[in-house]
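These are the residues of each chain, in order.
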Amino acid sequence: MQLHSKPSKHDRYVADLSKKIRDKYDYLVLDHPIAKNKRMLGQVDLYGVKENNGNKKTDLYEVKCSFRIHKAIKQLRRARRLMNVHGNLFFYCGSSGQLQEIEG
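Attention here is on the structure that accompanies the text.

Calculation notes
- Residues numbered from 1 in each chain as written.
- Predicted model: local features only at pLDDT ≥ 70, side-chain atom pairs only at ≥ 80, totals over all residues.
- Heavy atoms only, no water.
- Phe/Tyr/Trp six-rings, centres within 6.5 Å; stacked < 30°, edge-to-face > 60°.
- Helix = DSSP H or I, 4+ residues; strand = E, 2+ residues; numbered from the N terminus.
- Buried < 20%, exposed > 50% of the residue type's maximum accessible area, 1.4 Å probe, protein only.
- Expected span 1.5 Å × (residues − 1).
- Arc of directions from axis to C-beta.
- Contact = heavy atoms within 4.5 Å.

### Structural notes on the packing of aromatic side chains
Two descriptors summarise a pair of aromatic rings, namely the distance from one centre to the other and the angle between the planes of the rings. This structure, assessed with the given rule, holds three aromatic pairs. Centroid distance Tyr-25 to Tyr-61: 6.2 Å. Interplanar angle 90°. Geometry classified as edge-to-face. Residue Tyr-25 is located in the loop between helix 1 (9–21) and strand 1 (27–36), and its partner Tyr-61 is located in strand 3 (residues 55–64); the two are separated by 36 residues in the primary sequence. Ring geometry for Tyr-61 against Phe-90: centres 4.7 Å apart, planes inclined by 15°, an arrangement best described as stacked. In this pair, Tyr-61 sits in strand 3 while Phe-90 sits in strand 4 (residues 89–93), placing the two residues 29 residues apart along the sequence. Overall, Tyr-61 belongs to the buried group, its relative accessible area being 0%. The rings of Tyr-25, Tyr-61 and Phe-90 are connected pair by pair, giving a single aromatic cluster.

Take a look at the structure:
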């Protein structure tokens, strides 16, 4: 017998965001762990990859249940550095449904 747990509020917000943006990308990855030498360094809630003429652009998204943009900015910049990807950074507030691009 398997028990099915109800998705958390955060997981529902990540799923909502993925539905909103899925047409912009070739593929999306949800809950991507960032690890090095078997050590967990972090996690990206969502990232989208778009390939165009051999160029690969990876946009990173951080989802928060409430408007905690400063924490999201710190996490996104760290994730971009650790993953060594090129693309834009986005913050999504689930309670308000607001999507905001982060500078640099």
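### Comments concerning helix 1
Turn by turn, an α-helix covers 3.6 residues, leaving residues three or four places apart pointing in a common direction. With 13 residues, helix 1 extends 19 Å from end C-alpha to end C-alpha; this agrees with the ideal 18 Å at 1.5 Å per step. By the burial criterion, the buried members of helix 1 are Tyr-13, Val-14, Leu-17, Ser-18 and Ile-21. Within helix 1, the buried residues cover an arc of 140° as seen down the axis, which keeps them to one side. Each element contacted by the buried residues of helix 1 is listed here: strand 1, strand 2 (39–52), strand 3, strand 4 and strand 5 (98–102).

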